[in-house]
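# Observations on chain architecture
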Amino acid sequence: MGIAPSQETYDALVGLCYESVLDSARWPALLDALAAASGRQFGAIAINHPGEAAATVTLAARCDPAAIQAYNVHYGAIDPMRELIAATDDGRWNHDRRELPAETLDHHPYYQEFQRVQGMDDRASIRLNGQGACVYVALLTAIGVRPDPCQDDLLARIAPHLQRAGTLYDTLTGLRDGLALRDQVLDSLPTPLWLLDEGRRVAYRNAAAQRHAALPDGALCEHNGQIRPRHAAASRLETAILQATGHSGSRRASRIAPPTAGGPDVVVTPLSEDHPDNPLQRPLVAVSVVDPEQQNLRVNDLFQFSRAEARLATKLQEGLSLAEYAERHGIALSTARTQLRALFTKTGTHRQGELVSLLLRLARH
């Protein structure tokens with residue numbers, strides 16, 4: 001009977017399990033430490049993706065790279081333990097010498113042509129998760145080495161933590177992939193967008209927000225992890241953010257008009273925890289800078305306005321009458337009326353007031 005691994009060793013292994021959840025670079029250290037503490041000389045992590053006949057080793061400790069390649073190319077597909085491990089509950093160790101008959105160990109080509117040639121003997125294997133891409137950990141002894149029962153007991157004690165780490169890592173990988181896709185989509189938006197956490201600090205910013213904050217004349221900038229108006233009083237923005245967080249009642253959105261004509265609006269909106277653009281799954285606040293010029297371009301694209309029609313639509317929203325527009329741009333009033341009729345046709349409206357109301361409403365979304 002050997003000396004049982006210390007509590008310090010066990011605690012270190014548990015810590016490595018959960019460090020690996022957040023940092024994939026810690027898995028090699030965990031695999032190496034687990035092999036050493038359990039009296040094994042080799043270790044590997046393999047993944048079996050849905051539809052694939054065999055698992056592929058993606059990480060190894062103390063193994064010859066040529067052995068890993070041979071396993072992935074040929075021997076993994078004929079591994080006699082493959083089906084048995086796949087049928088075993090997650091989080092339970094299998095041991096080749098305990099599960100298979102001696103005849104298989106002595107004569108099967110997997111053991112005779114692969115494991116023994118590589119100096120490997122008994123193997124302890126565990127499946128961390130059986131959903132989607134299955135992840136397996138294998139620890140192997142060198143030929144002639146027999147781990148102590150207390151070292152096998154360590155594997156049994158660490159199994160729940162190892163399984164939980166694998167499941168959490170797989171879940172976070174899915175979230176990371178989802179966040180990467182979300183970031184790609186949000187970064188493609190021309191509108192600057194910030195997400196604020198419950199402490200009103202910046203939890204996320206898209207690429208447009210980063211560029212906007214660096215502009216000397218941008219409407220918003222960042223300071224100590226919070227957003228601030230660059231040229232206007234901060235009180236209106238702070239009030240709008242507090243309203244969006246529900247600090248003083250129900251959560252509601254606000255639109256802050258620019259301090260000078262022609263400037264961008266700032267829109268502050270509550271973002272629920274189940275919103276598809278909410279990566280933190282807790283209530284957030286979205287703050288965006290809406291450039292009226294860009295909004296007008298989107299409206300113009302929507303209705304396929306010509307350049308002259310778009311110019312008229314903009315001026316009507318600014319409050320000019322049709323006669324004032326014709327005079328300022330040096331065109332006949334009849335020409336302006338023709339352009340107005342084209343706007344009516346393309347937008348499905350019938351009166352100038354109805355047209356302007358529609359355009360203003362679209363420009364605010």
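Residues numbered from 1 in each chain as written. Predicted model: local features only at pLDDT ≥ 70, side-chain atom pairs only at ≥ 80, totals over all residues. Heavy atoms only, no water.

### With respect to the overall build of the protein
On a plain count of helices and strands, the protein comes out with 15 helices and 12 strands. Counting every position in the protein, which comprises 365 residues, the buried fraction comes to 41%. Long-range pairs, those at least 24 residues apart, make up 53% of the contacts in the protein with a sequence separation of at least 6. A total accessible area of about 19,300 Å² is found for the protein, and carbon and sulfur atoms account for 53% of it. (Helix = DSSP H or I, 4+ residues; strand = E, 2+ residues; numbered from the N terminus. Buried < 20%, exposed > 50% of the residue type's maximum accessible area, 1.4 Å probe, protein only. Contact = heavy atoms within 4.5 Å. Areas by Shrake-Rupley, 256 points an atom, 1.4 Å probe, with all protein chains shown as cover.)

### Thoughts on the nonpolar core
Note on soluble globular proteins: their nonpolar side chains tend to be buried together. Counting residues in each nonpolar core, the largest one holds 27 residues, and the members touching the most others are Trp93 and Leu162. Those elements giving two or more residues to this core turn out to be helix H1 (7-22), helix H2 (27-37), strand E4 (120-129), strand E5 (134-142) and helix H8 (149-187). Leave out the neighbours within four places in its chain, and Leu162 touches Cys17, Trp27, Leu30, Leu34, Trp93, Ile126, Leu128 and Val137. (Core = buried A, V, L, I, M, F, W, Y, C linked by side-chain atoms within 4.5 Å.)

### A closer look at unusual backbone geometry
Its identity is not glycine, yet Arg62 carries a phi of approximately 65 degrees, on the positive side. On the basis of relative accessible area, Arg62 is assigned to the partly exposed category, the value being 42%. Positive phi, close to 65 degrees, is recorded for Arg200, a residue that is not glycine. Inspection of the secondary structure assignment puts Arg200 in the loop between strand E6 (193-196) and strand E7 (202-205).

### What about the packing of H1 against H2?
Working note: a packed helix pair is described by the angle between its axes plus the distance between those axes. Where H1 meets H2, the axes come as close as 9 Å, and the angle between the chain directions of the two elements is 155 degrees. Put simply, H1 runs roughly antiparallel to H2. H1 and H2 meet at a crossing whose hand is left-handed. The segment H1 lies against H2, with Thr9, Leu13, Leu16, Cys17 and Ser20 engaging Trp27, Ala29, Leu30, Ala33, Leu34 and Ala37. Within the contact of H1 with H2, the residues separate by chemical class into 9 nonpolar, 2 polar and no charged. (Axes fitted to C-alpha atoms, helices over the stretch in contact; angles between N-to-C directions. Parallel < 35°, antiparallel > 145°, perpendicular 65-115°, else oblique. Left-handed = near helix turned anticlockwise from the far one by under 90°. Nonpolar A, V, L, I, M, F, W, Y, C, P; charged D, E, K, R; others polar.)

### Quick notes on the pairing of strand E9 (residues 226-229)
Side chains on a regular strand alternate between the two faces of the sheet. Alignment of strand E8 (residues 220-223) against E9, held across 4 bridges, turns out to be antiparallel. The residue bridging Cys221 from the neighbouring strand is Arg228, located in E9. If you look at the hairpin formed by E8 and E9, you'll find 2 residues sitting between the two strands, and Asn224 has a positive phi there, around 55 degrees. (Pairing = 2+ DSSP bridges.)

### Remarks on the pattern of salt bridges
Going through the model one piece at a time under the given rule, you end up with 11 salt bridges. Arg123 serves as the salt-bridge partner of Asp96, at 3.0 Å between the closest nitrogen and oxygen. With a gap of 27 residues between them, Asp96 in helix H5 (residues 96-99) and Arg123 in strand E4 connect regions that are remote in the sequence. Here Arg123 falls in the buried class, since its relative accessible area comes to 5%. A salt bridge links Asp121 to Arg97; its shortest N-O distance comes to 2.8 Å. Pair noted here: Asp121 is in strand E4 and Arg97 is in helix H5, with a separation of 24 residues, a long-range link. Here the residues in one salt-bridge network are Arg40, Arg98 and Asp152, joined through shared partners. (Salt bridge = Lys/Arg side-chain N within 4 Å of Asp/Glu carboxyl O.)

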